[in-house]
There are 2 protein chains.
Amino acid sequence: MSILVVGSVAIDSIKTPFGNRPEALGGSATYFSTAASFFSKVNIVATVGEDFPKKYINLFKSRGIGVKGLHVAKGKTFRWKGWYDYDLNTAHTVSTHLNVFQNFRPEVPREWKNSKFVFLANIDPELQYNVLKQVHRPKLVACDSMNYWLEHKKKEFERLLDKVDIILLNDSEARQFTGEPNLMRAARIIISFGPRAVIIKKGEHGVIYFSKKTHFIAPAYLLETVYDPTGAGDTFAGGMVGYLSKVGKVDEHTIRKSIIYGSILASFAVEDFSIDRMLEISKSDIEARYKHFSAITKF
Amino acid sequence: MSILVVGSVAIDSIKTPFGNRPEALGGSATYFSTAASFFSKVNIVATVGEDFPKKYINLFKSRGIGVKGLHVAKGKTFRWKGWYDYDLNTAHTVSTHLNVFQNFRPEVPREWKNSKFVFLANIDPELQYNVLKQVHRPKLVACDSMNYWLEHKKKEFERLLDKVDIILLNDSEARQFTGEPNLMRAARIIISFGPRAVIIKKGEHGVIYFSKKTHFIAPAYLLETVYDPTGAGDTFAGGMVGYLSKVGKVDEHTIRKSIIYGSILASFAVEDFSIDRMLEISKSDIEARYKHFSAITKF
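Just so it is clear, the structure is predicted and the values come from calculations on it, not from any experiment.

A. The arrangement of the packing of helix 1 (residues 28-36) of chain B against helix 8 (residues 232-247) of chain B in detail. Residues and elements named next belong to chain B. Two elements in contact, helix 1 and helix 8, have axes whose closest approach is 7 Å; the angle formed by their N-to-C orientations is 35°. Seen along the crossing, helix 1 lies across helix 8 with a hand that is right-handed. Contact residues: helix 1 offers Ser28, Tyr31, Phe32, Ser33, Thr34, Ala35 and Ala36, while helix 8 offers Asp234, Thr235, Ala237, Gly238, Gly239, Val241 and Gly242. Looking at the contact of helix 1 with helix 8, its residues break down into 6 nonpolar, 7 polar and 1 charged.

B. Broad picture of the relation of the copies chain A and chain B. For the pair chain A and chain B, the superposition axis carries a translation of 0.0 Å, the fit reaches an RMSD of 0.0 Å, and the rotation angle comes to 180°. Here the two chains are linked by the operation of a two-fold rotation axis. Both copies present the same face, since 100% of the interface residues in chain A are matched by interface residues at the equivalent positions in chain B.

C. Geometry of the sheet that holds strand 4 (residues 42-49) of chain B. Residue and element names in this part refer to chain B. Pairing in this open sheet of 9 strands is mixed, and the strands run 5-4-1-8-9-10-11-12-13 from one edge to the other. Unpaired on one side and paired on the other, strand 5 (65-73) and strand 13 (215-218) mark the two borders of the sheet. Neighbour-to-neighbour, the strand axes of this sheet turn through a mean angle of 15°, independent of strand direction. Pairing geometry for strand 11 (residues 197-201) and strand 12 (residues 207-211), over 5 bridges, is antiparallel. When the bridges of strand 12 are listed, Ile200 appears paired with Ile208. Strand contacts of helix 2 (residues 54-62): strand 4 and strand 5, with the helix running at about 160° to strand 5, the strand carrying the most contacts. Contacts from helix 6 (residues 171-178) reach strand 10 (166-170) and strand 11 within the one sheet, and its direction differs from that of strand 10 by about 105°.

D. Highlighting unusual backbone geometry. Backbone geometry places Asn99 of chain A, a non-glycine residue, at a positive phi of 50°. On the secondary structure map, Asn99 of chain A appears in the loop between strand 7 (91-97) and strand 8 (117-120). Of note, the phi angle at Arg137 of chain B is positive, near 40°, even though the residue is not glycine. Here Arg137 of chain B lies in the loop between helix 3 (125-134) and strand 9 (140-144).

E. Expanded view of the environment of Tyr261 of chain B. Residues and elements named next belong to chain B. With respect to the element layout, Tyr261 can be found in helix 9 (residues 252-269). Tyr261 sits in the buried class, given 27 other C-beta atoms within 10 Å. Beyond its immediate chain neighbours, meaning those up to four positions away, Tyr261 contacts Gly239, Met240, Tyr243 and Tyr290.

F. Up close: the interface of chain A and chain B. With 23 residues of chain A at the contact, the number on the chain B side is 23 residues. Along the lines of polarity and charge, the residues of the side of chain A that touches chain B split into 11 nonpolar, 6 polar and 6 charged.

G. Structural context of the pairing of strand 8 (residues 117-120) of chain B. Residue and element names in this part refer to chain B. In strand 8, alternate side chains face the same way, and those of Phe117 and Phe119 on one face and Val118 and Leu120 on the other are all buried. Both strand 1 (residues 3-6) and strand 8 contribute to a ladder of 4 bridges, which runs parallel. Residue Val6 lies in a different strand from strand 8, and its bridge partner there is Leu120. As paired strands, strand 8 and strand 9 are joined by 4 bridges and run parallel to one another. Bridging from a neighbouring strand, Leu120 pairs with Cys143 of strand 9. For the crossover from strand 8 across helix 3 to strand 9, the handedness is right-handed.

H. Quick look at the pairing of strand 3 (residues 19-26) of chain B. Residue and element names in this part refer to chain B. With 6 bridges connecting them, strand 2 (residues 10-16) and strand 3 associate as antiparallel partners. Across the sheet, Lys15 pairs through a bridge with Asn20, a residue of strand 3. What sits between strand 2 and strand 3 in their antiparallel hairpin is a turn of 2 residues.

I. Fine view of the confidence of the model for chain A. On average, residues of chain A score 96 in pLDDT, and 100% of them reach the 70 mark or higher. Overall fold confidence (pTM) sits at 0.95, and the ipTM for the predicted complex is 0.93.

Reading the values: the criteria
Position numbers for residues count from 1 along each chain, tracking the sequence in the order it is written. Here chains are named by letter from A upward and ligands by number from 1 upward, in the order in which they appear as written. Per-residue local features are limited, in this predicted model, to residues with pLDDT of at least 70; the limit for side-chain atom pairs, both in listing and counting, is 80 or more; totals at the level of whole chains, interfaces and linings are taken over all residues. Between N-to-C directions, angles cover 0 to 180 degrees, with each direction set by a line fitted to C-alpha atoms, over the stretch in contact for helices. By definition, any uninterrupted DSSP run of H or I lasting at least four residues is a helix, any uninterrupted run of E lasting at least two residues is a strand, and each is numbered from the N terminus. Handedness of a crossing follows from how the near helix is turned relative to the far one, being left-handed for an anticlockwise turn of less than a right angle and right-handed for a clockwise one. We call two residues in contact whenever the C-beta atoms placed from their backbones are within 7 Å. Residue type decides the class: Asp, Glu, Lys and Arg count as charged, Ala, Val, Leu, Ile, Met, Phe, Trp, Tyr, Cys and Pro as nonpolar, and the leftover types, Gly among them, as polar. Superposing the copies works by least squares over the C-alpha atoms of residues that have pLDDT at least 70 in both of them. One bridge is not enough; two strands pair if DSSP finds at least two bridges between them. The burial criterion counts other C-beta atoms lying within 10 Å of a residue's C-beta, which is placed from the backbone; the residue is buried at 20 or more, exposed at 12 or fewer, and partly exposed between these limits. Looking down the strands as they point away from you, a crossover is right-handed if its path from the first strand over the helix to the second goes clockwise. For every residue, the predictor reports its confidence as pLDDT, a number between 0 and 100.

Right, here's the structure in full:
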């Protein structure tokens, strides 16, 4: 089943202790759709400027990613410039130029309105809500957000929560939104707003999935080399939703497997800048790492 | 098979956001032996002062913990006073009075020199080394340490590493000792000093076990209530070595299971002050939580 992702397509300039990459392809929809494309057909709704390199659009197309909803607007593409220290946990922003992204009003092309799997990447919760009004009865809606919206659009975010199936937040966002330091209690508060499940992302420490009845703890795949953590969360979501869409089921068993696939895709993504590492790997690399992940967590 | 533990028996005064507990039973050997006593006979070598309450010695005895090596010295018992903030990750020390512990020179009673399982809790690595000279060909030696020794007795610690089978360190200690931020590389450096394996403890994020050939990642059991994290690491070691000693094997499969038992014991320990929670539970509580742990990590 095909996936609809609404988010950003951007140009990032990134510096880490291991190198420097100016003007690289970035954005939540980019990471998500690249990861998801290993499993399913995925369609992007986003906006870029007239300066957006044609080669990247061709790259999307070559991976079967639908670009009909990738609107080219008058002006420049969203640009983010930032750097990471040795711990690689905190992104330090040098500059953010929203450019055409500032006026982004997502419009879902008619032929995508029946998408069964929808991922709302981190944008204004009002826009996310508006996207949901455009799609017809999807099987699964997953949604991401960030500290800025939780602080400045709390009400809008809460209204959205009631309309999504799985909300993804990182641990500090979950604590911030609920005011509860304990993740188990924080998850319960979040679920009380309506979503079926919450996934709390802990970076290098893995993720915890909470549903109303149970939870599932997954460590992260351990790496010897992390080059650039940008996009890890969106890549995780792409691997996860991609796998769910491929299987076409959203039961607990499938969700658990999808979370591991999400972690595996993220583990590849951070091994190089931008989506470069994902462009190098094949499905069999993913399967091999999935097997290894099983082996190193079994007891 | 019986276990020998060499470490501290202390009186702790602890404050957390959830309460205040003055003059509680503490110390590495206390936490370790209480946890291990669910699985095996365990014998303590430690020192206390004349003020050490007799009721605690009776408590040890009632759990089958050997106290022949618990030396009562002239003076006062080791006392630690500290507090934790809401994050519960960092212990803030108010005062440390080593008292009789300052002159602790561990002497292993003759009938314990054939102990098959030995745990060297966090004391001066010279003393830990000296204990190993007193025991005859143990099947497994596990060892803990702390940042102070890694800094001030690095050479002695390195010499010790070559004589132990499993070294337990927390993540910041492993990074400090090796100067390597990546845990996989740090573990490889530590193993190059001689131990068969290293366990890196990440607190609420679980542990990673590294042997020469492979590794095993175990998340921590998720809790809704953490009252007092004091002694969690020693409790983990007690559950782990206790289970290994009960099974009498130290193969990879058994070690993995022992790590989960260690995590389970630690998860109980932090649910109350001192060893109080461990005194409430039975073997069937441990088994039930082990089963639940399996259920929430399987995929």
